[in-house]
Amino acid sequence: MTPAGISPGTLLVRNAEVLVTMDGRRREIRGGGLLAQGNRIVAVGSSSELPATADRVLDLAGHAVVPGLVNTHHHMFQSLTRALPAAQDAGLFAWLEALYPVWARLTPEMIRVSTLTAMAELILSGCTTSSDHLYLYPNGCRLDDSLESAARIGMRFHAARGSMSVGRSQGGLPPDGLVEREADILADTQRLVEAHNDPARFSMLRIAVAPCSPFSVSQDLMRESANLARALGARLHTHLAENDTDVAYSRERFGMTPAEYAQELGWVGQDVWHAHCVRLDDAGIDLFSRTGTGVAHCPCSNMRLGSGIAPVGRMVAKGVRVGLGVDGSASNDAASMLGEARQAMLLQRVGLGPSAMTARQALELATLGGAAVLGRDDIGCLAPGMAADFAAFDLRGVAHAGALHDPVAALVFCSPERSSWVVINGRVVVEEGRLLTVDLPSVLERHNRLARALAAG
């Protein structure tokens, strides 16, 4: 390709310290670059092989360029309730019981602002695609509030219409006032999927069907949700086997392990992904492998709540699709995808030894792994025909000093840094560390005021 042949709307990246492709050969190109036309990549290689000019040229000398990171599980509204004293030192069920009354005061504005805040934090960590599981809707809140914020900030979004229908009086965990009627849940889910789910390649918005958990929804709702999702061509998402108490609840209430429960209700298959799976047993791992069922691994949250170490190594060895999720910011209190990759690597080593997971394997979970879990063949790697989603990290600062002999491993081993540049769907959204699509200081000021009001009641 010659400069004269470049089409309008081109973006050229040149001179990267290393460009991590995650392509079929897992190429890492020193002095690499890429050419994007519109929202897709048309060429990848060494800078000398690429055109010299384009409509916009980014000289990324001293930077590592990676595929946009993919977050497969989040609760963005929880960024309003980070580090609340009542929930700082509790396990999953006690943590939820402490926070449910606070979340019952959420408003539509809180959903919109917290989504902007959570997405800004993710984007600045190099994340270009995120799922979000919004499962409670008090005081007129709707999933539409999240969709509005995603469109505003410019993030590729998999919005999961969550739900809770079994309150405390029926043997569930949430307060009765936070659950919805199942007919209303299904009707609103259908509305959202029909109005917003875009299955096309390079789609910026997809809707998933996502009853919350075995301890907050009925078996009927799980079955009907699966039927609805498959009739409409949407994906399915829920929590599963998060800790020992979760497993004990499934055994006592349903007489089944979590994996058996999922299989019984039609919640396995290529169109399903489950969050956590910390206590997924060997039979469950085999089931997920046979059926193509995906897992969102959330190491920071699992450590924060004392849930345990998910058997990610065994899952990957068996061919289970595994991606990373930061989980809600009230059970992680951070939303750094590089930080999550680092903790995924370290946590496997704590449990299984220093060779249990390499830095490159962790980075693969954050890119290709997440893309596979979300059912996407257009993100997660840098190659011709893929979406122009990528992030660049400046390696010239103190965090990476002394590590440039292996800059790819350094991204995971060293202190997680903010991204210098982020491009989503061919659009520059972070430039030299500054988020371009929203006025972040104003968003954060409003977010903090709303968080104080929410905590104070």
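Residues numbered from 1 in each chain as written. Predicted model: local features only at pLDDT ≥ 70, side-chain atom pairs only at ≥ 80, totals over all residues. Heavy atoms only, no water.

Some details on the overall build of the protein
Part 1: For the protein, the helix and strand inventory stands at 14 helices and 17 strands.
Part 2: Against the globule reference of 23 Å for 457 residues, the protein gives a C-alpha radius of gyration of 21 Å, in line with a compact fold.
Part 3: Evaluated residue by residue, the protein yields a buried proportion of 61% over its 457 residues.
Part 4: Total accessible area computed for the protein in this model is approximately 16,100 Å², and 50% of it derives from carbon and sulfur atoms.
Part 5: Taken together, the 41 basic and 47 acidic charged side chains of the protein have centroids lying 3 Å from each other. (Helix = DSSP H or I, 4+ residues; strand = E, 2+ residues; numbered from the N terminus. Rg over C-alpha atoms; globule rule 2.2 N^0.38 Å. Buried < 20%, exposed > 50% of the residue type's maximum accessible area, 1.4 Å probe, protein only. Areas by Shrake-Rupley, 256 points an atom, 1.4 Å probe, with all protein chains shown as cover. Lys, Arg positive; Asp, Glu negative; His and termini not counted. Charge placed at Lys NZ, Arg CZ, Asp CG, Glu CD.)

What to know about the nonpolar core
Part 1: One finds W95, L96, W103, L106, I123, I153 and F288 to be the most contacted residues of the largest nonpolar core, which totals 122 residues.
Part 2: Discounting residues that sit within four places of it in the chain, L106 has contacts with F77, L80, I111, L136, P138, N139, C141 and L454. (Core = buried A, V, L, I, M, F, W, Y, C linked by side-chain atoms within 4.5 Å. Contact = heavy atoms within 4.5 Å.)

Digging into the pattern of salt bridges
Part 1: In this structure the tally under the stated criterion is 27 salt bridges.
Part 2: Residue R26 is joined to E364 by a salt bridge in which the shortest nitrogen-to-oxygen separation is 2.9 Å. A residue pair is termed long-range when its members are at least 10 positions apart, and R26 in the loop between strand 1 (10–20) and strand 2 (28–37) and E364 in helix 12 (residues 359–373) qualify at 338 residues.
Part 3: A residue is classified by how much of its surface remains accessible, and E364, at 29% relative accessible area, is partly exposed.
Part 4: A salt bridge links D389 to R156, with the shortest nitrogen-to-oxygen separation between them at 2.8 Å. (Salt bridge = Lys/Arg side-chain N within 4 Å of Asp/Glu carboxyl O.)

A few points about the packing of aromatic side chains
In this description, a pair of aromatic rings is defined by centroid distance and the angle of the planes.
Part 1: Inspection of every chain in the model, using the stated rule, returns 8 aromatic pairs.
Part 2: A ring pair is formed by W95 and W103, whose centres lie 5.7 Å apart and whose planes are at 75°; its orientation type is edge-to-face.
Part 3: Judged by its relative accessible area of 4%, W95 falls in the buried class.
Part 4: Looking at W103, the relative accessible area reads 0%, which means it is buried.
Part 5: Pairing F215 with Y249 gives two aromatic rings, centres 6.2 Å apart and planes at 80°, and the pair type is edge-to-face. Of the two residues, F215 sits in the loop between strand 9 (205–211) and helix 5 (219–232) while Y249 sits in helix 6 (residues 244–254), which places them 34 residues apart along the sequence. Y249 shares its class with F215; the two are buried.
Part 6: Here a set of aromatic residues connected by ring pairs shows up, and it is made of F77, W95, Y100, W103 and Y135.
Part 7: Sitting over the ring of Y137, R161 keeps its end group 4.2 Å from the ring centre. (Phe/Tyr/Trp six-rings, centres within 6.5 Å; stacked < 30°, edge-to-face > 60°. Lys NZ or Arg CZ within 6 Å of the ring centre and 35° of its normal.)

Remarks on the confidence of the model for the protein
Part 1: In this model, the protein carries an average pLDDT of 96, and 98% of its residues clear a pLDDT of 70 or more.
Part 2: Strand 6 (residues 69–71) holds the highest mean pLDDT among the elements of the protein, 99, whereas helix 6 holds the lowest, 95.
Part 3: Within the model, the stretch residues 1–6 combines pLDDT values under 50 with 7 contacts to residues more than four positions away or in other chains. (pLDDT = per-residue confidence, 0-100.)

Looking at unusual backbone geometry
Comment: phi is negative for the bulk of residues other than glycine, and the bulk of peptide bonds are trans.
Part 1: A positive phi angle, close to 85°, is found at H276, a residue other than glycine.
Part 2: Although it is not a glycine, E432 sits at a positive phi angle of roughly 50°.
Part 3: If you trace the backbone, E432 turns up in the loop between strand 16 (427–431) and strand 17 (434–435).
Part 4: Classification of E432 as exposed rests on a relative accessible area of 64%.

Overview of the side chain of N332
Part 1: In this structure, N332 sits in the loop between strand 13 (321–324) and helix 11 (337–352).
Part 2: Using a relative accessible area of 12% as the deciding quantity, one classes N332 as buried.
Part 3: A polar atom in the side chain of N332 sits 2.8 Å from the backbone oxygen of V326.
Part 4: Beyond its immediate sequence surroundings of up to four residues, N332 is in contact with C300, R304, V326 and E340. (Polar contact = N/O pair within 3.5 Å; in protein donor to acceptor, adjacent residues only side chain to side chain.)

Let's talk about helix 1 (residues 92–103)
Part 1: Taking 1.5 Å per residue, 12 residues should reach 16 Å; helix 1 reaches 15 Å between its end C-alpha atoms and fits that length.
Part 2: Three or more residues of helix 1 are buried, namely L92, F93, W95, L96, L99, Y100, V102 and W103. Projected onto a plane normal to the axis of helix 1, the buried residues spread over an arc of 165° and lie on a single side.
Part 3: Next to the buried residues of helix 1 lie helix 6, helix 9 (299–304) and helix 14 (440–456). (Expected span 1.5 Å × (residues − 1). Arc of directions from axis to C-beta.)

Quick notes on the environment of V423
Part 1: Summarising the element assignment, V423 is placed in strand 15 (residues 421–424).
Part 2: When its relative accessible area of 0% is taken as the criterion, V423 is described as buried.
Part 3: Through-space distance from the C-alpha of V423 to that of A392 is 8.9 Å; in sequence the pair is 31 residues apart.

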